[in-house]
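Spelled out, the chains give:
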Amino acid sequence: MAHQGIIGGIIFILIGLFSIICTIKKPNFFWESRKALRMRKLLGDKITSIFYIVVGALALGGGAISFLGGLIEAFAG
């Protein structure tokens with residue numbers, strides 16, 4: 001079970017980093033995607049950026065908690 005927490009944590013950390021980096025850099029494949037364009041038209045660029053950064057930060061934080069919990073579980077027993 002500890003391995004699932006570690007692997008899941010790493011995946012969520014990578015997803016969070018991807019979301020934050022792509023929001024800051026705004027590459028075309030990400031920022032011009034159908035879902036991003038729809039959100040940008042509905043909310044505007046600034047609020048969409050804030051939304052993606054918050055989602056990325058939550059994924060990053062949740063992944064870090066899961067990763068650390070998996071490490072503690074692996075070493076504790």
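Structure: see above.
Residues numbered from 1 in each chain as written. Predicted model: local features only at pLDDT ≥ 70, side-chain atom pairs only at ≥ 80, totals over all residues. Heavy atoms only, no water.

Visitor: An account of the overall build of the chain is requested, with residue identities and associated values reported.
Guide: When helices and strands are counted, the chain shows 4 helices and 0 strands. Counted from the first residue to the last, the chain has its helices and strands arranged as α-α-α-α. For 77 residues, the compact-globule formula gives about 11 Å, and the C-alpha radius of gyration of the chain, at 15 Å, lies well above that figure. With the principal axes as the frame, the chain shows a C-alpha extent of 50 × 20 × 15 Å. A total of 77 residues make up the chain; the buried ones form 27% of that total. Here the analysis covers contacts within the chain between residues at least 6 apart in sequence; of these, 63% occur between residues at least 24 apart. As displayed, the chain has an accessible area near 5,500 Å², and 74% of this comes from carbon and sulfur atoms. (Helix = DSSP H or I, 4+ residues; strand = E, 2+ residues; numbered from the N terminus. Rg over C-alpha atoms; globule rule 2.2 N^0.38 Å. Buried < 20%, exposed > 50% of the residue type's maximum accessible area, 1.4 Å probe, protein only. Contact = heavy atoms within 4.5 Å. Areas by Shrake-Rupley, 256 points an atom, 1.4 Å probe, with all protein chains shown as cover.)

Visitor: Please give an account of helix α3 (residues 34-43) that cites residues and values.
Guide: Count 3.6 residues to each turn of an α-helix, and residues three or four apart come out pointing the same way. Along α3, the residues that are buried comprise Ala36, Met39 and Arg40. Down the axis of α3, the smallest arc covering the buried residues is 100°, so these residues share one side. Exposed side chains of α3 directed beyond 90 degrees from the buried face belong to Arg34, Arg38, Lys41 and Leu42. The inward-facing, buried residues of α3 contact α2 (28-31) and α4 (45-76). Positioned one or two residues after α3, Gly44 has a phi angle of 100°, which is positive. (Arc of directions from axis to C-beta.)

Visitor: Residues and numbers for helix α1 (residues 2-25), please.
Guide: Here α1 spans 34 Å end to end across 24 residues, near enough to the 34 Å set by a 1.5 Å rise per residue. Along α1, the residues that are buried comprise Ala2, Gly5, Ile6, Gly9, Gly16, Ser19, Ile20, Cys22 and Thr23. Summarising the contacts, the buried residues of α1 are in contact with α2 and α4. Remark: Lys26 follows α1 within two positions and exhibits a positive phi of approximately 55°. (Expected span 1.5 Å × (residues − 1).)

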